[in-house]
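Read off the chains here:
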Amino acid sequence: MRAKERLKARQLRMQGLSIREIAREIKCSKGSVSGWVRDIPLNPEQIARLKLNQDKGRAKAANHPNSPKQVWSKIRQDISDAAIKEIPCVCSKDVLRVVGSALYWAEGFNASVNTVSFSNSDPGMIALMMRFFRTICNVPEEKFRGIINIHPHLGVGKAVNFWSKISGIPIKQFHKTQVVISSASKQKRDTLPLGTFKIVISDVRLQSRIKGWIKGLTGWSSIRAVGATG
């Protein structure tokens with residue numbers, strides 16, 4: 001009986017079936033099948049088929065509702081959904097002033113004493129800062145300027161239209177696009193297909209005002225690190 005199973009296993013292996021498929025077909029353990037067929041080589045087409053089936057199997061297992069990947073995906077999503085509710089639906093001016101000032105502080109506000117500028121690749125961040133500048137800082141529309149930084153192999157025209165729509169700044173108020181040329185730019189993964197966008201406002205008074213808000217934030221004793229003295 002075992003000789004018959006062994007012969008059948010070898011025949012199926014020569015046809016390119018996997019160890020699992022053979023074991024299921026002849027109703028035998030995978031360990032036994034593996035020992036019977038280990039000396040049988042597979043051609044490139046058969047190897048490619050087995051690898052494709054393995055990849056499909058892994059993908060199916062990963063997408064199963066009870067797989068660790070899916071379980072943790074649901075946990076993360078539940079946490080994120082709950083956290084969203086912790087943020088007020090309506091942003092007051094006080095909150096927007098603090099958030100905008102803190103983000104500008106993180107940007108490195110000492111770069112210029114005459115110009116206010118903020119650069120980021122996240123459209124949501126740019127939209128938030130434009131609201132800060134318009135609502136809190138009362139910047140006139142004609143004072144806004146935009147600058148795009150992008151790799152040369154990416155679509156400049158698409159980026160210009162995209163950032164104009166996100167920021168609300170007319171294209172005619174954009175400075176010349178800054179094309180970032182580097183030896184690795186063509187090999188670099190296109191993680192920033194639309195480049196980065198910089199909001200520029202030439203206004204000494206506004207720069208001084210925002211610096212004042214930032215100093216106000218540094219005065220909050222509650223933000224001092226645990227264990228800090230003084």
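Scroll up for the structure.
Residues numbered from 1 in each chain as written. Predicted model: local features only at pLDDT ≥ 70, side-chain atom pairs only at ≥ 80, totals over all residues. Heavy atoms only, no water.

What follows is about the pattern of salt bridges. Any two side chains of opposite charge can pair if their charged atoms end up close together. Per the stated rule, a full pass over the model turns up 7 salt bridges. A salt bridge links Asp94 to Arg97, with the nearest nitrogen and oxygen atoms 3.2 Å apart. Of the two residues, Asp94 and Arg97 both sit in helix 6 (residues 93-108), 3 residues apart, roughly one turn of that helix. Note that Arg134 is salt-bridged to Glu141, the shortest N-O span being 2.7 Å. By relative accessible area, which is 37% here, Glu141 ends up partly exposed. (Salt bridge = Lys/Arg side-chain N within 4 Å of Asp/Glu carboxyl O. Helix = DSSP H or I, 4+ residues; strand = E, 2+ residues; numbered from the N terminus. Buried < 20%, exposed > 50% of the residue type's maximum accessible area, 1.4 Å probe, protein only.)

So, on to the pairing of strand 2 (residues 144-150). Burial of strand 2 is extensive: 5 of the 7 residues sit out of reach of the surface. Bridge count between strand 2 and strand 4 (residues 196-202): 6 bridges; the pairing is antiparallel. Its bridge partner being in strand 4, Phe144 is matched across the sheet by Ile201. With 2 bridges joining them, strand 2 and strand 3 (residues 178-179) adopt parallel strand pairing. The residue bridging Ile150 from the neighbouring strand is Val179, located in strand 3. (Pairing = 2+ DSSP bridges.)

Turning next to the packing of aromatic side chains. One pass over the full model with this rule turns up 5 aromatic pairs. Taking 6.0 Å as the distance between ring centres and 70° as the angle between the ring planes, the aromatic pair formed by Phe132 and Trp213 counts as edge-to-face. Residue Phe132 is located in helix 7 (residues 123-136), and its partner Trp213 is located in helix 9 (residues 204-218); the two are separated by 81 residues in the primary sequence. Measuring from centroid to centroid gives 5.4 Å for Phe174 and Phe197, while their planes differ by 45°, and the two rings are tilted. Of the two residues, Phe174 is situated in the loop between helix 8 (156-167) and strand 3 and Phe197 in strand 4; the sequence distance between them amounts to 23 residues. (Phe/Tyr/Trp six-rings, centres within 6.5 Å; stacked < 30°, edge-to-face > 60°.)

Turning our eyes to something else, we now look at helix 1 (residues 2-14). Think of an α-helix as 3.6 residues a turn; residues three or four steps apart then line up on the same face. The first and last C-alpha atoms of helix 1 sit 18 Å apart over 13 residues, in line with the 18 Å expected at 1.5 Å per residue. Where helix 1 is concerned, the buried positions are Glu5, Ala9, Leu12 and Arg13. When helix 1 is viewed along its axis, its buried side chains cluster within an angular range of 100° and face the same direction. Looking at helix 1, the residues exposed on the side facing more than 90 degrees away from the buried face are Ala3, Lys4, Leu7 and Met14. (Expected span 1.5 Å × (residues − 1). Arc of directions from axis to C-beta.)

As for its placement among the helices and strands, Lys27 is situated in the loop between helix 2 (19-26) and helix 3 (30-37). What makes Lys27 exposed here is its relative accessible area of 73%. Taking the C-alpha atoms as reference points, Lys27 and Glu5, 22 residues apart in sequence, are found 8.9 Å from one another.

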